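Results of the structural survey
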Amino acid sequence: MNLKTQASVTVNKIETSRINEVDFNNLSFGDEFTDYMFECDYRAGTWSNPTIKPFGPLSISPAAKVFHYGQAVFEGMKAYKDVDGKIWLFRPEDNFNRINHSSKRLAIPAFPKNFFFEGLETMLKLDSDWIKPGMGNSLYIRPFVIATQCGVSASPSDEYKFMILFSPAQAYYTGDVKVVIAEHFSRSADGGVGAAKAAGNYAAQFYPTNLAKEKGFHQVIWTDSNEHNYLEEAGTMNVFFRVNDTLLTAPISDRILDGITRRSVIALAKRDGIKVEERRVSISEITEASINGTLKEIFGTGTAAVISPVSDFSYKEQVYHLPKSTEGFATRFKKELTEIQYNQIEDTFGWRYLVE
Ligand SMILES: Cc1ncc(COP(=O)(O)O)c(C=O)c1O
């Protein structure tokens with residue numbers, strides 16, 4: 001599969017690489033950026049002049065609409081290097097489709113597929129040395145779009161900037177993840193923007209998440225905004241519950257991000273004959289399962305950490321502990337997904353994408 005067509009991306013080369021300034025053994029997630037960035041502007045009804053240039057500051061008017069109305073969307077994906085030095089992406093077409101889905105909800109024009117793949121793949125080759133081989137090492141890829149038109153009238157922008165940044169990443173060990181179930185705050189609502197990767201969705205989570213952190217927890221599991229009775233997803237992860245040997249997860253709706261890791265875990269589970277129920281999961285069902293011992297695992301799924309097991313959850317000031325296990329579904333799916341991503345096992349699903 002080749003998703004590129006010749007889109008003639010202009011490349012402005014760096015003079016010297018900054019790679020030697022970076023300590024690849026002590027990376028903090030999302031803090032370092034590679035030598036290049038990709039940029040493409042939308043003006044007069046078209047996206048034009050896709051360019052790769054040295055990473056650096058932008059010059060944007062303070063009146064740009066992104067600063068006033070938050071018209072911005074983004075994506076998160078990763079590139080991996082195998083032992084032969086080949087660069088791989090994981091289901092990149094899904095990220096491409098999702099950013100345009102998010103853009104549509106925010107009244108942002110769709111970005112062309114040939115520009116996306118030509119820009120991404122050309123830049124991956126230019127920044128190839130920043131992708132270290134070895135399980136756990138990767139390059140986090142951040143495509144995003146911002147509204148750049150000057151003007152403080154509350155209406156969609158006529159001008160946009162699409163960009164891609166790369167940030168080298170190491171294995172992301174979340175350790176024991178302790179979560180609080182949301183009883184008051186909401187991440188999204190019916191008919192809202194929860195299914196889009198809209199920048200503002202994340203800003204809105206920071207305050208309630210800080211309150212959870214003050215109590216010693218790491219993340220919030222969001223619940224339905226109507227009744228706060230049904231479990232939906234976490235800050236940047238979809239959530240699965242294993243009750244006995246059945247996996248439960250909230251169905252995709254306009255309140256939930258349609259996670260690519262979620263989709264992949266469901267496919268692996270179904271292939272293995274594991275019963276998966278995509279349906280509303282009530283809080284009482286999970287607290288009862290925890291008390292009667294049938295709740296075996298809770299784990300989050302997302303690009304950054306692949307799979308993060310939850311060790312404890314809190315609801316109405318009561319803390320519930322999950323059994324500790326290294327043999328569960330979380331461990332098994334994480335192992336298979338990462339082996340597919342690093343080209344270590346056969347990819348029967350056709351998820352891996354070679355950058356050539
Ligand atoms: C709100 C939210 N849910 C779920 C996910 C997981 O999605 P994916 O598996 O595509 O990374 C993310 C991360 O992108 C997210 O931001």
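Residues numbered from 1 in each chain as written. Predicted model: local features only at pLDDT ≥ 70, side-chain atom pairs only at ≥ 80, totals over all residues. Heavy atoms only, no water.

**Remarks on the overall build of the chain**
We apply this condition: Put simply, DSSP H or I for four residues or longer makes a helix, DSSP E for two residues or longer makes a strand, and each gets a number counted from the N terminus. As a reference, a globule follows 2.2 Å times the number of residues to the power 0.38, and the radius of gyration itself is taken over C-alpha atoms. Summary of the burial criterion: residues with accessible area below 20% of their type's maximum are buried, those above 50% are exposed, and those between are partly exposed, where the area comes from a 1.4 Å probe applied to protein chains only. Only heavy atoms matter for contacts: two residues are in contact if any of them lie within 4.5 Å across the pair. Working definition of accessibility: Shrake-Rupley area with a 1.4 Å probe, residue cover restricted to the visible protein chains. Two residue types count as positive, namely Lys and Arg, and two as negative, namely Asp and Glu; His and chain ends fall outside the count. The location of each charge is read from NZ of Lys, CZ of Arg, CG of Asp or CD of Glu.
Helix and strand content of the chain: seven helices and 19 strands. Taken against the 2.2 N^0.38 rule, which gives 21 Å for 356 residues, the C-alpha radius of gyration of the chain at 21 Å falls within 12% of a compact globule. Taken along its principal axes, the extent of the C-alpha atoms in the chain is 60 × 55 × 35 Å. Counting all 356 residues of the chain, 54% fall into the buried class. Long-range pairs, those at least 24 residues apart, make up 71% of the contacts in the chain between residues at least 6 apart in sequence. Carbon and sulfur atoms make up 50% of the accessible area of the chain, which totals about 16,100 Å². On the chain, the mean spot of the 39 positive side-chain charges and the mean spot of the 44 negative ones are 2 Å from each other.

**As for the side chain of Asp 127**
Here is the rule: Every case where a carboxyl oxygen of Asp or Glu lies within 4 Å of a side-chain nitrogen of Lys or Arg is listed as a salt bridge. Think of a polar contact as two N or O atoms within 3.5 Å of one another; within protein, one of them needs to be a possible hydrogen donor and the other a possible acceptor, and neighboring residues in sequence only count if both atoms come from side chains.
Note that Asp 127 resides in the loop between helix H3 (113-126) and strand E7 (138-147). As a buried residue without a salt bridge, Asp 127 has its nearest oppositely charged side chain in Arg 18, at a separation of 7.1 Å. One polar contact links the side chain of Asp 127 to the main-chain amide nitrogen of Tyr 36, over a distance of 3.4 Å.

**With respect to the domain arrangement of the chain**
Note the threshold: The domain boundaries here were taken from an automatic or database domain assignment. Note on terms: buried area is the combined drop in 1.4 Å-probe accessible area of two parts once they are placed together, counting the loss on both.
Annotation of the chain at the domain level lists domain 1 (10-171) and domain 2 (177-341). In this structure, domain 1 and domain 2 have C-alpha centres spaced 27 Å apart. Counting residues at the interface gives 20 residues for domain 1 and 22 residues for domain 2. Buried area between domain 1 and domain 2, summed over both chains or domains, comes out near 1,800 Å², and the portion from carbon and sulfur atoms is 62%. Among the residues domain 1 hides against domain 2, the three largest losses belong to Phe 74, Phe 90 and Arg 98. Together they make up 33% of the total. In this assembly, domain 1 and domain 2 are joined by one salt bridge. Arg 263 is the partner of Asp 94 in a salt bridge, and the nearest nitrogen-oxygen pair spans 2.7 Å. Our count for the domain 1 to domain 2 interface comes out at eleven residue pairs in polar contact (both at pLDDT 80 or more).

**Section: helix H5 (residues 260-271)**
For clarity, the cut-off: A helix is expected to reach a length of 1.5 Å times the quantity of its residues less one.
Taking 1.5 Å as the rise per residue, H5 with twelve residues should run 16 Å; its terminal C-alpha atoms sit 17 Å apart, in good agreement. In the stretch just after H5, Gly 273 is the one whose phi turns positive, near 80°.

**Considerations on the pairing of strand E8 (residues 160-169)**
Of all ten residues that make up E8, ten are buried, and the element is covered over most of its length. The alternating pattern of E8 places Tyr 160, Phe 162, Ile 164, Phe 166 and Pro 168 and Lys 161, Met 163, Leu 165, Ser 167 and Ala 169 on opposite faces, both of which are buried.

**Points about the packing of H5 against helix H7 (residues 329-341)**
In plain terms, the rule: Only the stretch in contact is used when a helix axis is fitted, and all axes are lines through C-alpha atoms; the angle between N-to-C directions ranges over 0 to 180 degrees. An angle counts as roughly parallel when it lies under 35 degrees, as roughly antiparallel when it exceeds 145, as roughly perpendicular when it falls between 65 and 115, and as oblique in every other case. Nonpolar residues are Ala, Val, Leu, Ile, Met, Phe, Trp, Tyr, Cys and Pro. Charged residues are Asp, Glu, Lys and Arg, and all others, Gly as well, are polar.
Relative to each other, H5 and H7 sit at 110°, their axes nearing to 11 Å. By the angle between their axes, H5 is roughly perpendicular relative to H7. Contact with H5, carried on its side by Thr 261, Ser 264, Val 265, Leu 268, Ala 269 and Arg 271, involves Phe 333, Glu 336 and Leu 337 of H7 and no other residues of that element. Of the residues belonging to the contact of H5 with H7, the class tally is five nonpolar, two polar and two charged.

**Quick notes on a negative patch on the surface**
This is how the line gets drawn: Patch definition: residues with relative accessible area over 30% and no salt bridge; like charges joined within 9 Å; nonpolar side chains (Val, Leu, Ile, Met, Phe, Trp, Tyr) joined within 5 Å.
The grouping of Glu 21, Asp 23, Asp 31 and Glu 32 at the surface amounts to a negative patch. Mapping Glu 32 onto the fold places it in the loop between strand E1 (10-11) and strand E2 (36-43). In this structure Glu 32 comes out as partly exposed when scored by relative accessible area, which is 30%.

**Structural notes on the packing of aromatic side chains**
Rules: The criterion for an aromatic pair is that two Phe, Tyr or Trp rings (for Trp, the six-membered ring) have centres within 6.5 Å, with stacked assigned to planes under 30 degrees apart, edge-to-face to planes over 60 apart and tilted to the rest. Only when the NZ of Lys or the CZ of Arg is both within 6 Å of the ring centre and within 35 degrees of the ring normal is a charge said to sit over the ring.
This model, assessed by the stated rule, comprises 25 aromatic pairs. Here the aromatic rings of Phe 74 and Tyr 202 are separated by 4.9 Å at their centres, their planes lie at 65°, and the arrangement is edge-to-face. Of this pair, Phe 74 sits in strand E4 (residues 72-74) while Tyr 202 is found in helix H4 (residues 199-214), placing the two residues 128 residues apart along the sequence. The two residues Phe 74 and Tyr 202 agree in class, both being buried. Each ring, one from Phe 329 and one from Phe 333, has its centre 5.8 Å from the other, and the planes form 45°; the classification is tilted. Taken together, the residues span about one helical turn, with Phe 329 and Phe 333 both in helix H7 at a distance of four residues. Residue Phe 333 is classed as buried on the basis of its relative accessible area, which comes to 1%. Among the aromatic residues, ring-to-ring pairing joins Phe 38, Tyr 42, Trp 47, Phe 96, Phe 111, Phe 115, Phe 116, Phe 117, Tyr 160, Phe 162 and Tyr 353 into one connected group. The ring of Phe 24 carries Lys 132 above its face, with NZ or CZ at 4.6 Å from the centroid. Its end group placed over the ring of Phe 329, Arg 242 keeps NZ or CZ at 3.9 Å from the ring centre.

**Thoughts on the nonpolar core**
Under the convention used in this document: By nonpolar core we mean a set of buried residues, namely Ala, Val, Leu, Ile, Met, Phe, Trp, Tyr and Cys, connected to one another through side-chain atoms within 4.5 Å.
In terms of nonpolar packing, the biggest core is built from 51 residues, with Phe 38, Trp 47, Leu 120, Leu 124, Ile 141 and Phe 162 touching the most fellow members. Residue contributions to this core reach at least three from each of two domains, namely domain 1 (10-171) and domain 2 (177-341). Excluding its chain neighbours within four sequence positions, the residues that come into contact with Leu 120 are Met 77, Leu 89, Ile 141, Ile 164 and Phe 166. If you look at the next biggest cluster of nonpolar residues, it comprises 22 residues, including Ala 234, Val 243, Ile 283 and Tyr 315.

**Quick word on the site of the ligand**
To be explicit about the condition: Near, as used in this document, describes a residue that has one of its heavy atoms within 4 Å of the molecule or strand being considered.
Taken together, 16 residues sit near the ligand, with Lys 197, Tyr 202, Glu 233, Thr 261 and Thr 303 positioned nearest. Lys 197 places a side-chain nitrogen or oxygen 2.7 Å from an oxygen atom of the ligand. Between the ligand and Glu 233 there is a distance of 2.5 Å, counted from a nitrogen atom to a side-chain nitrogen or oxygen. Relative to its free-state accessible area of 390 Å², the ligand is covered by the protein chains to the extent of 97%. Among the elements of the structure, H5 and strand E16 (295-302) are those that each provide at least two residues to the shell around the ligand. Tallied by class, residues from the shell around the ligand come to four nonpolar, eight polar and four charged.

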